[in-house]
Amino acid sequence: METLIELVRRYQKAKGLKKRLHLADKIISAVSPRLEAFILRACKRSVAEDLLQETLVKIARNLDGFRGESEIQFRAWCYKIARNVLRDHFRKKDIAERLEPFDSEDVRNVVNASSKQDPLSRAEKVDLDEALSLLEQAKPPCRGYLWSRYIRGMGFREIAKEYGLKYDAARMQVKRCLELAVKLAAQHL
C-alpha cells in the first residue's frame, strides 16, 4: 500500500485528468477523517461539514503547490489550510456561533469514525465521555471559552479578539469557567 506522500508525488507527476482525479480522491479520502475531527473541534457539525468540503476542495486544487518532503509536512500543510478556512469563517460569523461551538454527540461520532484506524483505549473513551458530559453541563458561554482555550488551543489575546473582549476580561472568563468545570468534575468524583 502506498504512503500518503507517495500518492501526492504520483499525483504531481501524473499527466492524464482521469489518473489525477483518481489519485486526488485517494489523497482526500486519506486526510478527510482527521481534518473532519479537527474542524469539528472548532464548530458545530452543520457548519463543520461545509468547512470540511471547502478545505478538501482547496487541498485538491493546490496539490501541485505542495513542496514538502514527508507525510508529516503534507498533513501539516492540510491542517494549515483547514485553520485558514476556519479563521475566514469565524471572521464572517457572529459571536453566538462561537459561544456554542459544538454538539457533543457529533464530537463522539467523529471521534469514533476517525479512531477506526487507531482505536481509542477503554480509558480514553471513558475520559472523552467524562469531558464531554462536563462540557454539556457548563453554561453555553463557558463551553465556548473552554473549547477555544483548551481544545482549539487559543491564547487569551486570540480569545479576546474572537469574542470581542478585552484581554483581562477574556482571561477572567476562562478562569471562571475553568473553576466551574472543576466544581462540576468534583461533583462527578
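See the structure printed just above.
None of these values were measured; they are calculated from a predicted model.

*Asks:* Explain the packing of helix 1 (residues 4-13) against helix 2 (residues 17-40) to me, please; I cannot follow it from the model alone.
*Replies:* Close contact between helix 1 and helix 2 brings their axes to 9 Å; oriented N to C, the two are set at 155°. The pairing of helix 1 with helix 2 is recorded here as roughly antiparallel in orientation. Between helix 1 and helix 2 lies a crossing of left-handed hand. Of the residues in helix 2, those in contact with L4, L7, V8, R10, Y11 and Q12 of helix 1 are K19, R20, L23, A24, K26, I27, A30 and V31.

*Asks:* What exactly am I supposed to notice about helix 2 here?
*Replies:* Under the 1.5 Å per step criterion, the end-to-end length of helix 2 is 32 Å for 24 residues, consistent within 8% with the ideal 34 Å. Of all the bends in helix 2, the greatest reaches close to 40° and is centred on S32; the proline P33 follows between one and four positions later. Taken as a whole, helix 2 has its buried residues at R20, L23, A24, I27, I28, V31, S32, L35, A37, F38, I39 and L40.

*Asks:* I keep staring at the environment of R149 and nothing clicks. Help me out?
*Replies:* The residue R149 is located in helix 8 (residues 140-151) in this model. On the basis of relative accessibility, which here comes to 26%, the residue R149 falls in the partly exposed class. Apart from residues no more than four positions distant in its own chain, R149 is found in contact with M154, G155, F156, I159 and V174. Within the structure, R149 has its side chain in polar contact with the backbone oxygen of M154 (distance 3.2 Å).

*Asks:* Would you mind showing me how to read the side chain of R20 here?
*Replies:* Relative to the helices and strands, R20 is located in helix 2. For R20, a relative accessible area of 16% corresponds to the buried category. Side-chain polar atoms of R20 contact the backbone oxygen of Y11, separated by 3.1 Å. The residues contacting R20, other than those within four sequence positions of it, are Y11, Q12, A14, K15 and D64.

What counts, and where the lines are drawn
Residues numbered from 1 in each chain as written. Predicted model: local features only at pLDDT ≥ 70, side-chain atom pairs only at ≥ 80, totals over all residues. Heavy atoms only, no water. Axes fitted to C-alpha atoms, helices over the stretch in contact; angles between N-to-C directions. Helix = DSSP H or I, 4+ residues; strand = E, 2+ residues; numbered from the N terminus. Parallel < 35°, antiparallel > 145°, perpendicular 65-115°, else oblique. Left-handed = near helix turned anticlockwise from the far one by under 90°. Contact = heavy atoms within 4.5 Å. Expected span 1.5 Å × (residues − 1). Bend = angle between axes of the 7 residues up to and from the residue. Buried < 20%, exposed > 50% of the residue type's maximum accessible area, 1.4 Å probe, protein only. Polar contact = N/O pair within 3.5 Å; in protein donor to acceptor, adjacent residues only side chain to side chain.

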